[in-house]
Amino acid sequence: MKLRIAVVQFEIKQFSPNKNLKKAENFIKKASKEKADIIVFPEDFLTGGITKKEIDTYADSNKKYRTLFQELARKYKIDLVAGSILEKEWKGFYNVCYYINSAGKIKGKYKKINLWWTEREHISPGNEICVFNTRYGKIGLIICWDLMFPEIFRRRIKKGARIIFCPSLWYKGINFKPYQKLNPNAEKEHVNTLCKTRAVENNIFLIYANAIGMLKNSKEKFDEAIGQSQITAPIKGVLKKAKDKTEMMFIQEINTDILKDAERAYGIRKDLKNRF
């Protein structure tokens, strides 16, 4: 099966959801006009990172953003991975990603499981694996730091996921002393390595959408979102990647038949089914 995926590498205007929403709609409109089937945005792209003192101001407590994205999906007739939204529930605050189809129906909802250290101060982790059926096959959702954990991918492919979307807000780590000492570009190298590795070791298409620009992080220090938005696949590697430090959208056609070829070559899914 062939489908066209639009990946948005977004420069976030911090604490300005209305401005970010307006820009997001322009990207959605453009992707629809260019016949993309699915569009994906980065993590926290409505507000940027939020600290404990800001969470009550910006967390969505009545699902207004989810509803708005449902309306946009219907309006532009495109499936939408709505980055991630900070939502308030009676149990606490969660970092939530939605997959919404072109009819405005929610097909998948995922609460981030592997929270970054500073997120844990004010956000609760999810505990459910998210894999669901779409007209493009089975799709899974993860968010940002989940990329670091191979077991979360194994659980998704055992449920049949063929395409996994990863909205992200991944920083350079400007203030992290080990990086200053050893390798200032460590995070870029980590992300690029992980995207290619996760695709081949799990026989999936991995769709990674990150932000760019300087933002205040959870420790109230400025850091740089590193971009590196890309689509990776087994055997072929990186199919398409965004330009460095550039806000942009790219559209890439993928052919899921690649996964059949990769399974014939490696037998990864067969081995996982038989051994674990």
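Preceding block: the structure.
Quick caveat: nothing in here was measured; it's all calculated off a predicted structure. (Residues numbered from 1 in each chain as written. Predicted model: local features only at pLDDT ≥ 70, side-chain atom pairs only at ≥ 80, totals over all residues. Heavy atoms only, no water.)

Let's talk about the pattern of salt bridges
- For the structure shown, the criterion picks out 15 salt bridges.
- In this structure, Glu25 and Lys75 form a salt bridge, with 3.1 Å as the shortest nitrogen-oxygen distance. One end of the pair, Glu25, is in helix 1 (residues 17-33); the other, Lys75, is in helix 3 (residues 64-76), with 50 residues separating them in the sequence.
- Note on Lys75: relative accessible area 53%, which makes it exposed.
- Across the pair Glu54 and Lys216 runs a salt bridge, and its minimum N-O distance is 3.0 Å. One end of the pair, Glu54, is in the loop between strand 2 (38-40) and helix 2 (55-58); the other, Lys216, is in strand 11 (residues 211-216), and 162 residues separate them in sequence.
- On the basis of relative accessible area, Lys216 is assigned to the buried category, the value being 15%. (Salt bridge = Lys/Arg side-chain N within 4 Å of Asp/Glu carboxyl O. Helix = DSSP H or I, 4+ residues; strand = E, 2+ residues; numbered from the N terminus. Buried < 20%, exposed > 50% of the residue type's maximum accessible area, 1.4 Å probe, protein only.)

Looking at the environment of Glu247
- With respect to the element layout, Glu247 can be found in the loop between strand 14 (237-241) and strand 15 (248-255).
- Residue classification places Glu247 among the partly exposed residues on the basis of a relative accessible area of 27%.
- Separated by 16 residues in the primary sequence, Glu247 and Ile231 have C-alpha atoms spaced 16 Å apart.
- A polar side-chain atom of Glu247 sits 2.8 Å from the main-chain amide nitrogen of Glu11. (Polar contact = N/O pair within 3.5 Å; in protein donor to acceptor, adjacent residues only side chain to side chain.)

The analysis is restricted to geometry; functional conclusions fall outside its scope.
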